[in-house]
4 protein chains.
Amino acid sequence: MILDEGAGMGPGERRTFVARDPDYERRVRDSFVRQGFLRHCGAVIDELAPGHVTLSVRHAEALTQQHGFFHGGLIATLADTAAGYAALSMMRPEVGVLSVEFKLNFIAPARGERLVAHGRVIRPGRTLTVCRADVETVDGERVTEVATALLTMMSVDGFQD
Amino acid sequence: MILDEGAGMGPGERRTFVARDPDYERRVRDSFVRQGFLRHCGAVIDELAPGHVTLSVRHAEALTQQHGFFHGGLIATLADTAAGYAALSMMRPEVGVLSVEFKLNFIAPARGERLVAHGRVIRPGRTLTVCRADVETVDGERVTEVATALLTMMSVDGFQD
Amino acid sequence: MILDEGAGMGPGERRTFVARDPDYERRVRDSFVRQGFLRHCGAVIDELAPGHVTLSVRHAEALTQQHGFFHGGLIATLADTAAGYAALSMMRPEVGVLSVEFKLNFIAPARGERLVAHGRVIRPGRTLTVCRADVETVDGERVTEVATALLTMMSVDGFQD
Amino acid sequence: MILDEGAGMGPGERRTFVARDPDYERRVRDSFVRQGFLRHCGAVIDELAPGHVTLSVRHAEALTQQHGFFHGGLIATLADTAAGYAALSMMRPEVGVLSVEFKLNFIAPARGERLVAHGRVIRPGRTLTVCRADVETVDGERVTEVATALLTMMSVDGFQD
């Protein structure tokens, strides 16, 4: 099982990762269902592959800010969680994932039927994993980028998610 | 009415601001009650002064991650909202506030009875306002810093909050 | 002249921009030669297209940190400048560009013969432009990603670069 | 020797740290003189205390951008280096410091006789240290804040600075 560690691919190219832990999918789903806040936000897992996790929510008044758009805090929540799980999907079995920090730019008002966050690993590492997250709204056929983020995750020994 | 605009005070010193709009408190409260997501998170306004807004929530399972701590996305939500309102409290009457971006570092696990976010203006400006946010948990007498953030807000003409 | 403004393209796809100002190349080059610090760092412009600017430097002891790698501050300098010029190349003629803020993750030690920074516009706007920057080292055939950044730039009226 | 590790002090209060390594000053100075880029920028150490390091440069054309202000990349260089050394001053003897990432907001144009960067530890830790940096210009009596940053540093075993 070879892990692709920074082989110098360009930023726009799609990277295919191989997970260290064949059981990564169960680890992510087990952790996901135990997160009360994600359930409270109505989040679901749309995609789950090594180094790439997609979460989404459907529009509801309980998820909005004063103009009826999806709330910036919800956007940040989905970005951080999707990226955290993308990082976890690449980690060795006996560790858990912790968010160290993240930075997020809001790009457009988040209006639409669904809010979708793609978390992707940029650089997997033994201690730190750098990720990006891209968040979009989907309204019928139309897909609009609403936010993008750069995130740092840490592996923590003896800390099961 | 003099606005304190970057007179070179040191980073650790408390800055006292004077609001441009005497009606700032009503503007912030009116906007707050229209945010469905804040109500859904159980957030309340604890403090509201020019350039300084404090929000908090009480612990609930619906606000947690897999270890029972307050969720990182909730921490980010309170930080961004408190800072956004701190910025709005300093803006002239005919504009609204928009989050441009923010970066947040997680400092300690967020366990406790209450999660409290202080949003403070660092540098007010005509178009952009730079803020910081400090988030802590309160458990009886004990106060623990759990996150700190640096945020950029923008004034938007003809965009009432 | 149609400007591509957030038409919802995915994050990994290459975006082709059309400049608002046909004279964008001269504006960028005129500004570049007046920056004493860039000359002091030995930076040169490798590529200059609407929304995409590449700068580089050749290895020199004067550009290193204590292990002989390119200094993190130099990496940040090239990232911020390349992104700033990518943003400027998309702006209308009568404005200048200002860096509002940026966040940069270091991904690998920066060792090699050349340090190359690609600044790209993600989201052009009237007041704010969101950019990314990717920095790599080049050593013969080998290209290694060393840093990635997310940056916010502002258009400033009556402020010629 | 008691290390102050996140005792819950408020964000505006000054924190006094005690170094783990009594020889911290020599470690920082030894590393500083080996950084070619810092010498090339004319940087000097003004202050060196556990958890607090101040660096500065005097104005020179070689350090400027197109309007004659100190270059944003130089501001970032001093901020990252000062914070890195503030973190190193708090680390145990057998490790080195590595910049993981940082985010910096520009607050005012950096004009003045001297550019001064204060790096301060916010949260020391075994693996990660969170810092802030505040950069100002000094012109005779006048001190102006020009930038502020939030930075993450990592301890690396067997990696002497």
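Before reading further, recall that the structure is shown in the block above.
Residues numbered from 1 in each chain as written. Chains lettered and ligands numbered in written order. Predicted model: local features only at pLDDT ≥ 70, side-chain atom pairs only at ≥ 80, totals over all residues. Heavy atoms only, no water.

Draft legend 1. Layout of the packing of aromatic side chains. The tally for this structure, following the rule as stated, stands at twelve aromatic pairs over all chains. Feature note: the residues F102 and F106 of chain A together with F102 and F106 of chain B constitute an aromatic cluster, connected by ring pairs. (Phe/Tyr/Trp six-rings, centres within 6.5 Å; stacked < 30°, edge-to-face > 60°.)

Draft legend 2. How the structure looks around the sheet that holds strand β2 (residues 52–58) of chain D. Ordered in space as β1(C)-β2(C)-β4(C)-β5(C)-β6(C)-β3(C)-β3(D)-β6(D)-β5(D)-β4(D)-β2(D)-β1(D), the twelve strands form an open sheet in which the pairing is antiparallel. One side of each edge strand has no neighbouring strand; the edge strands of this open sheet are β1 (44–49) of chain C together with β1 (44–49) of chain D. Neighbour to neighbour, the strand axes of the sheet diverge by 25° on average, direction disregarded. As defined by bridge partners, strand β2 (residues 52–58) of chain C adjoins strand β4 (residues 114–123) of chain C across seven bridges and the pair is classed as antiparallel. Looking across to β4 of chain C, one finds that S56 of chain C is bridged to V116 of chain C. (Pairing = 2+ DSSP bridges. Helix = DSSP H or I, 4+ residues; strand = E, 2+ residues; numbered from the N terminus. Axes fitted to C-alpha atoms, helices over the stretch in contact; angles between N-to-C directions.)

Draft legend 3. Summary view of the pairing of strand β3 (residues 95–106) of chain C. With eleven of its twelve residues buried, β3 of chain C lies for the most part within the structure. Direction of pairing for β3 of chain C relative to strand β6 (residues 142–157) of chain C: antiparallel, over a ladder of eleven bridges. Bridging across to β6 of chain C, V97 of chain C finds its partner in S155 of chain C. Examined bridge by bridge, β3 of chain C and strand β3 (residues 95–106) of chain D share five bridges and lie antiparallel to one another. Bridging from a neighbouring strand, L104 of chain C pairs with F102 of chain D of β3 of chain D. (Buried < 20%, exposed > 50% of the residue type's maximum accessible area, 1.4 Å probe, protein only.)

Draft legend 4. Quick peek at the relation of the copies chain B and chain A. With an axial shift of 0.0 Å and an RMSD of 0.0 Å, the rotation relating chain B to chain A amounts to 180°. Look at the turn and shift together and you get a two-fold axis relating the two. Considering only C-alpha atoms, the part of chain B nearest the rotation axis is K103 of chain B, at 1.9 Å. Most of the interface of chain B is mirrored in chain A, where 100% of its interface residues are also at the interface. (Least-squares fit on C-alpha atoms with pLDDT ≥ 70 in both. Contact = heavy atoms within 4.5 Å.)

Draft legend 5. Molecular detail of the relation of the copies chain C and chain D. It takes a turn of 180° to lay chain C on chain D, together with a shift of 0.0 Å along the axis; the resulting RMSD is 0.0 Å. Comparing interface residues between copies, 100% of those in chain C also lie at the interface in chain D; the contact surface is shared.

Draft legend 6. Up close: the sheet that holds strand β6 (residues 142–157) of chain A. One open sheet holds the twelve strands; their spatial order is β1(A)-β2(A)-β4(A)-β5(A)-β6(A)-β3(A)-β3(B)-β6(B)-β5(B)-β4(B)-β2(B)-β1(B), and the pairing between them is antiparallel. Strand pairing shows two members of the sheet lacking a second neighbour, β1 (44–49) of chain A together with β1 (44–49) of chain B, which therefore form its edges. Each adjacent strand pair in this sheet contributes to an overall mean axis angle of 25°, direction not counted. The strands that helix α1 (residues 24–33) of chain A touches are β1, β2 (52–58) and β3 (95–106) of chain A; relative to β1 of chain A, the one it contacts most, it runs at about 160°.

Draft legend 7. Structural view of the interface of chain B and chain A. Contacts between chain B and chain A engage 34 residues on the former and 34 residues on the latter. In total, chain B and chain A occlude about 2900 Å² of area from one another, counting both sides; carbon and sulfur atoms represent 54% of this. Interface area lost by chain B to chain A is led by F37, H40 and Q66 of chain B, which between them contribute 23%. Scanning the region where chain B abuts chain A turns up four salt bridges. Taking the shortest distance from any N to any O, the salt bridge between R39 of chain B and E61 of chain A comes out at 3.5 Å. It is strand β3 (residues 95–106) of chain B that provides the largest number of residues to the side of chain B that touches chain A, a total of eight residues. Across the side of chain B that touches chain A, the residue classes tally to twelve nonpolar, 15 polar and seven charged. (Buried area = accessible area lost by both parts, 1.4 Å probe. Salt bridge = Lys/Arg side-chain N within 4 Å of Asp/Glu carboxyl O. Nonpolar A, V, L, I, M, F, W, Y, C, P; charged D, E, K, R; others polar.)

Draft legend 8. Spatial organisation of the interface of chain C and chain D. At the interface, 34 residues of chain C touch 34 residues of chain D. Across the chain C to chain D interface the summed buried area is about 2900 Å²; carbon plus sulfur atoms make up 54%. When the buried surface of chain C facing chain D is broken down by residue, F37, H40 and Q66 of chain C rank first, second and third, together holding 24% of it. Across the chain C-chain D interface, the total number found is four salt bridges. Applying the counting criterion to the chain C and chain D interface returns 23 residue pairs in polar contact (both at pLDDT 80 or more). Residue assignment for the side of chain C that touches chain D shows that the elements contributing at least two residues are α2 (36–41), α3 (72–88) and β3 of chain C. Sort the elements by how many residues they give to the side of chain C that touches chain D and β3 of chain C lands first, with eight residues. Of the residues that constitute the side of chain C that touches chain D, the class distribution is twelve nonpolar, 15 polar and seven charged. (Polar contact = N/O pair within 3.5 Å; in protein donor to acceptor, adjacent residues only side chain to side chain.)

Draft legend 9. Structural context of the pattern of salt bridges. On inspection of all chains with the given rule, the structure shows 52 salt bridges over all chains. Notably, a salt bridge pairs R29 of chain D with E25 of chain D, separated by 3.0 Å at the nearest N-O pair. With R29 of chain D and E25 of chain D both in helix α1 (residues 24–33), this residue pair falls four residues apart, about one helical turn. Looking at E25 of chain D, the relative accessible area reads 35%, which means it is partly exposed. Through salt bridges with shared partners, a single network forms among E101 of chain A, K103 of chain B, K103 of chain C together with E101 of chain D.

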